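An overview of the molecular structure
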Amino acid sequence: MNTQISQATDLPFVPVSPKFGAELGPDIRLLDLDDNGIEALQQLAAERGVLVVRDQVMTPDEQVGFARRLGELYETPMNRGRAPAELIVIHADEKSKYVAGSQWHSDVSSEELPPGLSMLRLEEVPPSGGDTIFADMTQVFESLSEQIQSLLLGLNARHDPRGHYLFVSGAKRMDELPAAVHPVVRTHPRTGRPSLFVNAGFTARIVELSQLESDALLKMLYDQVVYTVEAQIRIHWEPNTVVFWDNRVVQHRASWDYFPARRHGYRATIAGEKLAPYLEA
Ligand code: SIN
């Protein structure tokens, strides 16, 4: 086992790929972490993008209590008693017509304060498949030519509410929900590292460009996410696996290759911060 300890935290982890993703050791129990442990978890998520923690038995209420220690939580009015309002139910079975998150995205980037961490815990997993694929948007940004990088540094994009988010929000129409403009390249407040912050799930257009230019540039950037496989990891779930991802630096998509099997769990989504102060031009 290639166990490492990050410089800024004393959490031992096994890298999922050399620069991206970390699987924490079997001894960690999230519900027992003290404040230093919570700080270390957030720092490691900033450095590695995705954290995988196995065998974490907890109730939905305990998940909410834990996630609150990471920041303010988004609420989901459509749960109708199936789960606490602070959780999104992630569920698929033989009746499902679609699943949440099956295209590349960063969670709810249409929010004025787009999410920092998301915390997904699955209780039931299919016999095979059902992985989540993650892309490291820092490595994707670094994979672009210097010329394209400097073009992107001056641009901003509008993000609109869409799809599953509209459903879980309880809104009837898109225009009841906020849209937001964010820099196309952001820096992480903990690490200062730049990352690409446009995604196929929520980004509507680049505001400084014509529609034609914006569509072409966004398509090129989304292709870069899909084809830069060196910047991707694939996480396989077991019952009671918890995965944290830092939406500031990561995009993800769920693989729905297991129909008609069941997959069930809960996501807490933790508010991040306003982007502009963290962008170094
Ligand atoms: C999501 O986008 O939060 C869903 C991810 C998953 O189900 O793997």
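Residues numbered from 1 in each chain as written. Predicted model: local features only at pLDDT ≥ 70, side-chain atom pairs only at ≥ 80, totals over all residues. Heavy atoms only, no water.

**Description of the sheet that holds strand S13 (residues 232–235)**
Read from one edge to the other, the open sheet built from 3 strands follows the order S13-S7-S15, with strand pairing classed as antiparallel. The open sheet has two edge strands, S13 and strand S15 (250–254), and neither has a second partner. Pairs of neighbouring strands in the sheet enclose a mean axial angle of 20 degrees, with direction left out of account. (Pairing = 2+ DSSP bridges. Helix = DSSP H or I, 4+ residues; strand = E, 2+ residues; numbered from the N terminus. Axes fitted to C-alpha atoms, helices over the stretch in contact; angles between N-to-C directions.)

**Thoughts on the site of the ligand**
Close contacts around the ligand come from Ile 90, Ala 100, Gly 101, His 105, Asp 107, Leu 120, Thr 132, Trp 245, His 252, Ala 254, Arg 263 and Arg 267, and that covers them all. Between an oxygen atom of the ligand and a side-chain N or O atom of His 252, the distance comes to 2.9 Å. Side-chain polar atom of Arg 263 to an oxygen atom of the ligand: 2.8 Å apart, as the coordinates give it. Taking 260 Å² as the accessible area of the ligand by itself, protein coverage stands at 99%. (Near = heavy atom within 4 Å. Polar contact = N/O pair within 3.5 Å; in protein donor to acceptor, adjacent residues only side chain to side chain. Areas by Shrake-Rupley, 256 points an atom, 1.4 Å probe, with all protein chains shown as cover.)

**Here we look at unusual backbone geometry**
Residues Phe 259 and Pro 260 are joined by a peptide bond in cis, for which omega reads 10 degrees. Looking at the secondary structure, you find Pro 260 in the loop between S15 and strand S16 (263–271). Its identity is not glycine, yet Asn 240 carries a phi of approximately 75 degrees, on the positive side. Structurally, Asn 240 is set in the loop between S13 and strand S14 (241–246).

**Concerning the packing of aromatic side chains**
The full count for this structure, using the stated rule, is 3 aromatic pairs. Ring centres of Phe 66 and Phe 244 lie 6.1 Å apart, and the angle between their planes is 50 degrees; on these two criteria the pair is classed as tilted. Taken together, the positions of Phe 66 in helix H2 (residues 60–68) and Phe 244 in strand S14 put the pair 178 residues apart, joining distant regions of the chain. (Phe/Tyr/Trp six-rings, centres within 6.5 Å; stacked < 30°, edge-to-face > 60°.)

**Examining the pairing of strand S5 (residues 87–92)**
In terms of burial, S5 is a largely internal element, 5 of the 6 residues being buried. Pairing of S5 with S16 involves 6 bridges; the strand directions are antiparallel. Bridge pairing in S16 places Val 89 opposite Tyr 266. (Buried < 20%, exposed > 50% of the residue type's maximum accessible area, 1.4 Å probe, protein only.)

**Considering the nonpolar core**
Counting 30 residues, the largest nonpolar core has Leu 30, Leu 41, Phe 66, Leu 70, Met 119 and Phe 244 as the members making the most contacts within it. Contributions of two or more residues to this core are made by strand S3 (22–24), helix H1 (35–48), strand S4 (50–53), H2, S5, strand S6 (115–124), S14 and S16. It is H1 that provides the largest number of residues to this core, a total of 5 residues. In terms of nonpolar packing, the next biggest core, distinct from the first, is built from 22 residues, Trp 104, Met 137, Leu 152 and Leu 155 among them. (Core = buried A, V, L, I, M, F, W, Y, C linked by side-chain atoms within 4.5 Å.)

**With respect to the pairing of strand S7 (residues 132–136)**
Burial analysis of S7 places 5 of its 5 residues in the buried class, the great majority of the element. Residues Thr 132, Phe 134 and Asp 136 line one face of S7 and the alternating positions Ile 133 and Ala 135 line the opposite face, and both faces are buried.

**Some words on the side chain of His 182**
Relative to the helices and strands, His 182 is located in strand S9 (residues 180–183). The exposure class of His 182 is buried, given its relative accessible area of 2%. Within the local environment of His 182, its side chain forms a polar contact with the backbone oxygen of Glu 111, the two atoms lying 3.1 Å apart.

**As for the environment of Leu 122**
With respect to the helices and strands, Leu 122 occurs in strand S6. As for Leu 122 and Val 243, which are separated by 121 residues in sequence, their C-alpha atoms are 8.9 Å apart. Aside from chain neighbours lying at most four places away, what touches Leu 122 is Trp 237, Glu 238, Pro 239, Asn 240, Thr 241, Arg 263, His 264 and Gly 265. (Contact = heavy atoms within 4.5 Å.)

**Comments concerning the sheet that holds strand S2 (residues 12–15)**
Taken in spatial order, the 8 strands of this open sheet run S1-S2-S3-S4-S14-S6-S16-S5, and their pairing is mixed. Each having just a single partner strand, strand S1 (4–5) and S5 make up the two edges of the open sheet. Where S2 lies against S3, 3 bridges are found, and the strand directions are antiparallel. Bridge pairing in S3 links Phe 13 to Leu 24. Against the sheet, H1 makes contact with S2, S3, S4, S6 and S14, and its axis sits at roughly 125 degrees relative to S4, the strand it touches most.

**Thoughts on H1**
Taking 1.5 Å per residue, 14 residues should reach 20 Å; H1 reaches 20 Å between its end C-alpha atoms and fits that length. Most of H1 is tucked away: 10 of the 14 residues are buried. Where H1 is concerned, the buried positions are Gly 37, Ile 38, Ala 40, Leu 41, Gln 42, Gln 43, Leu 44, Ala 45, Ala 46 and Arg 48. Against the buried residues of H1 lie S2, S3, S4, H2, S6 and S14. Where H1 begins, the side chain of Asp 34 points an oxygen toward the backbone nitrogen of Asn 36, at a separation of 3.2 Å. Backbone geometry just downstream of H1 places Gly 49 in the positive-phi region, at approximately 85 degrees. (Expected span 1.5 Å × (residues − 1).)

Note that every value here comes from positions in space, so none of it alone points to a role or purpose.
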